[in-house]
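# Inside the fold
What follows is each chain in one-letter form.
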Amino acid sequence: MSVAGQAERSWVGRALKRKEDPKLITGRGNYVDDIVLPGTLYAAFVRSPEAHARIVSVDASAAMERDDVVMVATADDVDGLAGPLPMAWVPPGVEVNTPEHWPLAKGAVKHVGDPVAVVIGTDRYSVVDAADEVAVEYDPLPVVTDPEEALKDETIIHESLGTNVSHRWSLGGGDLEAGFAAADHVVERRVINHRTAGGAIETRGVLADYRGDELTIYSSTQVPHFVRLFLAILLGISQDRVRAVAPDVGGGFGSKLQMYGEEVLMAWAARKLGRPVKWIETRSENLQVTHHGRDQIADVRMGLKRDGTITAFHVKILADFGAYHMLLTPTIPSLGAFVMQGCYKMPAVQTDITGVFTNKFPTDAIRGAGRPEATHMIETVLDQAAAELGMSPIDIRRKNFIPAEEFPYETPVGVVYDSGNYHGTLDRLLERLDLDAFRREQEALRAKGIYRGVGFSTYTEICGLAPSRVTGPTGFGLQAGGWESAVVSVHTTGAVTVYTGTSPHGQGLETSFAQIVADRLGTSPDNVDVIHGDTSTGPEGLNTYGSRSLAVGGEAIARAAEKIQEKAKKIVAHQLEADPADIEVRDGKFSVKGSPDKGMTLAEVAGQAYIPLNLPEGMEPGLSETTFYDPDNFVFPFGAHAAIVDVDIETGKVDVIRYLGVDDCGPAINPKIIEGQLHGGIVHAIGQVLYERIHYDEDGQLVTGTFVDYALPSAAELPFFELDRTETPTPTNTLGVKGVGEAGTIGASAAVTNAVIDALRPLGVTWLNMPLSPARVWAAIQEARG
Ligand code: MCN
């Protein structure tokens, strides 16, 4: 594969190993906790053991008596904050009830782990002991953890709101009533998408340093630019005096797309005490007070003709937001509403969302954010319809797919799908999975007592956030644009530095972005350094989430590199007395078309640009360009997945024995990275289906608060994934690329769930909700057997 007009042997499209990895896998990374500043103080939090209680008193005298404690602060002590923690994104056109959410609880705690006080001292271990010595008296209040109970407003979590309802919001298009009236068959299911954690390998961590009227905050975050902005606002510091640095970040999966109270408090304390202050989250804290995801109950109705044609789709979601709104909480379920018709033609589709507060930690964006939930609803309910209509899961999908020739395709809710070829990915999948042969094998195995099933999921999603006119305050309601910035600088020696406003934390952007630039500048990716995650370098940025980095940030970089290429061509043409239109980038050189020997290397071009003795008339010296790129549309990757599972009907244990996926994220920049992203994404979803669950008991106690109870899958539980790709370019950007960072997670949960149901259908099990723990599967088998 090659980029149009570029060298024949292109770096784009090559499965290069990630250049950022050697340092990370040999312990040479630079994470927040690796950063050591002289005189650093350490923080620990006093967190509520109660899910809902009034704070009667806080007695910190014992802790304060310790020599190694410098400060114990409660909400009353935290002076000078301009306001509570921010909530920056609401669904369009709706008033949202937002309770005040302060970094330390004021007067009452609303969930287990709500911080009541922060203890700061000279030793990182003794502050933990000191925090234990802070005596807090609580007056317990009634607890509500069930969102349906919370809706009744019998126990009010925020008196100031007078209700537990955050908001109600609908998005629909087409005539729903007519659609259901035209249906021969209606399928109704309650689809439960349980609460999960991000589970990043590195927990959160913050180190704040305030000196010379400047704040530097090192945070394990996905969004350093947001952290800088909100800290400047909350602490009343000029934005140019705040530097936010995300050094190496060991994963986030959405959970570090946040402005956390701990970040505010560390910055506040560093200013107050005039010394650096560090807080490193424990794993238990990570499961308790780093935002969770999902937690939706959806009542789903699909109307169909006898031949399987969908006539209407109606989804009513009850979203459990936990105790507060965080940065994006109220909008997460809405993201699913924008693609609620999946890959299918649906004349009428509507999503009604009710968001409700409960005494749990808040939910917010976790990998996929709203789209895995929507896809799970569509793809499991479509399989239910197929079974009830006596159709194959393949035929019902093919019957309803939006055909490739109808793109760009405007859905009834007004979203324009950019490009797609859904039959193409499914065809490719079925080349690798012979369904007829599988059915024969399935039956033969069943005779031997082995219950094997296959499940499919064909998904599309919306990512690459994206046009500011849509994401901004009047569109999706985000108080930010959707652009991304890039600076590409060629130094005098020809070395290249790229500054990106995206903030990778495991996605391999240092490699894939370098590949894009190398092609355009006739150099190698090894010669291109990608700098990110530091607000003091490069222009403004909007960071990494919503699988936007390549489609928006990568495109910005490509455009900046193209500008440099244009300038370089002029310099070369001037030097070689040729026409700039005749200069091409080929074999690591800028050369004259037809005369490959006549040319200049990038270093030679840079030499001319920085020692400007003979530049074209009027040309500025230097070789550095900036781009701000705001896309016209989102991008809509898609794919077809299949899972094959064995279910042990004596124990209910599910084993995924084969997993196949064919995904389309446009032309590959780096196929190896794409595969890695899909591996991680699929594991994330399989984890949710089979193992992972954030579970609170009725008293609001988190009962899955360690990795012993919150079971993350490992390679030992999983087969090797069989992945393939098709490449359907998007017209949205010149690279033709779409996001892939969340695709696996969005596609996979329905495939596995459908496979388990397929395996158990002969026993009479026709429907199952996640998590498909052995206990739940076993109970379903017993129930079906009567
Ligand atoms: N890519 C490519 N060619 C394409 C499409 C993508 O080579 N046609 C490459 C990109 O160049 C990039 C990677 O795939 O190296 C992912 O790109 P993209 O889809 O743009 O996603 P982002 O970089 O914006 O990453 C965000 C996404 C999200 S939203 C979550 S959540 C997530 C994910 O990425 N969290 C992750 N992947 C993760 N991977 C790791 N290791 N850790 C996380 O926390």
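Below is a short write-up of the structure. Keep in mind that this is a model prediction, so the values were computed, not measured.

The rules behind each value
Residues numbered from 1 in each chain as written. Predicted model: local features only at pLDDT ≥ 70, side-chain atom pairs only at ≥ 80, totals over all residues. Heavy atoms only, no water. Patch = residues over 30% accessible without salt bridge, like charges linked within 9 Å, V, L, I, M, F, W, Y side chains within 5 Å. Areas by Shrake-Rupley, 256 points an atom, 1.4 Å probe, with all protein chains shown as cover. Salt bridge = Lys/Arg side-chain N within 4 Å of Asp/Glu carboxyl O. Helix = DSSP H or I, 4+ residues; strand = E, 2+ residues; numbered from the N terminus. Pairing = 2+ DSSP bridges. Axes fitted to C-alpha atoms, helices over the stretch in contact; angles between N-to-C directions. Contact = heavy atoms within 4.5 Å. Buried < 20%, exposed > 50% of the residue type's maximum accessible area, 1.4 Å probe, protein only. Near = heavy atom within 4 Å. Polar contact = N/O pair within 3.5 Å; in protein donor to acceptor, adjacent residues only side chain to side chain. Nonpolar A, V, L, I, M, F, W, Y, C, P; charged D, E, K, R; others polar. Domains from an automatic or database assignment.

## Looking at a nonpolar patch on the surface
Nonpolar side chains collect at one region of the surface, where Tyr610, Ile611 and Leu613 lie side by side and expose about 340 Å² of accessible area between them. Examined against the element boundaries, Tyr610 turns out to sit in helix 17 (residues 602-610).

## A few points about the sheet that holds strand 11 (residues 242-245)
The strand order across the open sheet built from seven strands is 3-5-1-12-9-10-11, with neighbouring strands paired in mixed fashion. A single partner strand is all that each edge strand has here, and the edge strands are strand 3 (69-74) and strand 11. Recorded for the sheet is a direction-independent mean angle of 20° between the axes of neighbouring strands. Here strand 9 (residues 205-211) runs beside strand 10 (residues 214-219); their pairing, made up of six bridges, is antiparallel. When the sheet's bridge partners are listed, Asp209 is paired in strand 10 with Thr216. The strands that helix 6 (residues 224-235) touches are strand 10 and strand 11; relative to strand 11, the one it contacts most, it runs at about 145°.

## Considering the sheet that holds strand 13 (residues 293-304)
Adjacent strands of a sheet pair through backbone hydrogen bonds, lying either parallel or antiparallel. In space, the five strands of this open sheet follow the order 7-15-14-13-8, with mixed pairing throughout. Each of the sheet's edge strands pairs with one partner strand only, and the pair in question is strand 7 (165-173) and strand 8 (185-196). Averaged over neighbouring strand pairs, the angle between their axes works out to 10° when direction is ignored. As defined by bridge partners, strand 14 (residues 310-322) adjoins strand 15 (residues 349-357) across nine bridges and the pair is classed as parallel. Paired with Phe313 across the strands is Val349, a residue of strand 15. Relative to the sheet, helix 10 (residues 371-389) contacts strand 8, strand 13 and strand 14, its axis offset from that of strand 8 by approximately 145°.

## Thoughts on the environment of Ser595
Along the chain, Ser595 turns up in strand 24 (residues 595-600). Residue Ser595 is classed as partly exposed on the basis of its relative accessible area of 30%. Separated by 492 residues in sequence, Ser595 and Pro103 have C-alpha atoms that sit 66 Å apart.

## Examining the site of the ligand
Not every one of the 32 residues close to the ligand is listed here, only the nearest: Gly252, Gln507, Ser512, Gln677 and Val740. Here an oxygen atom of the ligand and a backbone polar atom of Gly252 are 2.7 Å apart. Between the ligand and the protein, one listed contact pairs a nitrogen atom with a backbone N or O atom of Gly506 at 3.0 Å. Taken by itself the ligand offers 840 Å² of open surface, and the protein chains cover 96% of this. Residue assignment for the shell around the ligand shows that the elements contributing at least two residues are helix 15 (509-521), helix 16 (549-576) and helix 18 (671-691). If you tally residues by element for the shell around the ligand, the top one is helix 18, at three residues. When the residues that make up the shell around the ligand are grouped by side-chain class, the tally is twelve nonpolar, 16 polar and four charged. There are two domains that each give the shell around the ligand at least three residues, and those are domain 1 (21-29 + 483-629) and domain 3 (367-465 + 633-776).

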